Amino acid sequence: MTAPVFVLAPLPAVVGGRVELAGSEGRHAARVRRVEPGEHVDLVDGRGRRASCTVESVAGDTVALAVGSLVEEPAPAPRVVVVQALPKGERGELAVELMSEVGVDVVVPWSAARCVAQWKGERGAKSLERWRSTAREAGKQSRRARFAEVADLATTRQVAALLSGAAVAAVLSEESAAPLSGLEPPASGDVVLVVGPEGGITPEELATFAAAGATAMRLGPSVLRTSTAGAAAAAVVLSRTPRWR
């Protein structure tokens, strides 16, 4: 059975030291996971560093750990970036959760023309924070040392600029005849995938993205919800890279 993962930032700088896990992470380790002395756990900082530790003692909501090893995991190549149009209700958090677990590196919320959901003012700030919290928790669940980044809300113009700088860019479109399974990921750089809203991407948005260098591609014969399409598309791409071999 793999060791449970908890978040601690910054991580200790040297092997052989002692560190305490407190606060919400310590409470989760002590009261929910019920770790015991002698048990092995991993600590991650969400930015690529992982510490393998042994529990020394548990006192209330504080867990004392001995650091056995430290690893700096390299940045993934190629990076997978998903531009996710804002879904309705809580489906946004579901999309982020699934993409984080699959291995997406960056999620870019996009205010598409046909989005029903709108992020404005304090409500928008809270929605963005929920997405980032979801990415963090999903990163822990899937034992990632480097969590998915959730960028600020992007406009169509900003998405086009992102696409123009990508190594490979694709817009998911059920009307395209080109299968996403035929995409050839680069060895490095960004693979950017665009997922539209429930109402679909407008012809004007498709034209803007095509001008920025993106290719319209079909994920498969069935139409997925916007909240699940990003994870499925990322899995197709990642399966064709050394990251999944």
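The rules behind these values
- Residues numbered from 1 in each chain as written.
- Predicted model: local features only at pLDDT ≥ 70, side-chain atom pairs only at ≥ 80, totals over all residues.
- Heavy atoms only, no water.
- Domains from an automatic or database assignment.
- Contact = heavy atoms within 4.5 Å.
- Buried area = accessible area lost by both parts, 1.4 Å probe.
- Salt bridge = Lys/Arg side-chain N within 4 Å of Asp/Glu carboxyl O.
- Buried < 20%, exposed > 50% of the residue type's maximum accessible area, 1.4 Å probe, protein only.
- Helix = DSSP H or I, 4+ residues; strand = E, 2+ residues; numbered from the N terminus.
- Arc of directions from axis to C-beta.
- Pairing = 2+ DSSP bridges.
- Right-handed = clockwise from strand over helix to strand, strands pointing away.

### Things to note about the domain arrangement of the chain
For the chain, the assigned domains are domain 1 (5–72) and domain 2 (79–239). When each unit is reduced to the centre of its C-alpha atoms, the spacing between domain 1 and domain 2 is 33 Å. Listed per partner, the contact involves 12 residues of domain 1 and seven residues of domain 2. Around 850 Å² of area is buried between domain 1 and domain 2 when both sides are counted, 49% of it from carbon and sulfur atoms. Broken down residue by residue, the surface that domain 1 buries against domain 2 is led by V5, V7 and G46, which jointly contribute 46%. Counting the contacts that link domain 1 with domain 2 gives three salt bridges. The partner of K140 in a salt bridge is E25, and the shortest N-O contact between them spans 2.9 Å.

### Digging into helix α1 (residues 23–32)
For α1, every residue scored as buried is listed here: E25, G26, A29 and A30. The buried residues of α1 occupy an angular sector of 120 degrees when the element is viewed end-on, so they sit on one face. Exposed residues pointing more than 90 degrees away from the buried face of α1 are listed as R31 and V32. Trailing α1 by a residue or two, R34 shows a phi angle of about 50 degrees, which is positive.

### Considering the pairing of strand β4 (residues 49–59)
Pairing analysis gives five bridges linking strand β3 (residues 40–44) to β4, with the strands arranged antiparallel. Considered in β4, the bridge of H40 is made with T54. As paired elements, β4 and strand β5 (residues 62–72) share 10 bridges and run antiparallel to each other. Residue R50 lies in a different strand from β5, and its bridge partner there is V71. Where β4 hands over to β5, the hairpin turn is made up of two residues, of which G60 adopts a positive phi near 65 degrees.

### A few points about the pairing of strand β7 (residues 106–110)
The buried fraction of β7 is high, at five of five residues. With burial as the criterion, each face of β7 is covered, one bearing V106, V108 and W110 and the other bearing V107 and P109. Judged from the five bridges that link them, strand β6 (residues 79–85) and β7 form a sheet pairing that is parallel. Among the inter-strand pairings, V82 is bridged to a residue of β7, identified as V107. Assessed by its sense of winding, the connection that carries the chain from β6 through helix α2 (residues 91–102) to β7 is right-handed. As paired elements, β7 and strand β8 (residues 149–150) share two bridges and run parallel to each other. Counted as the bridge partner of V106 is E149 from β8.

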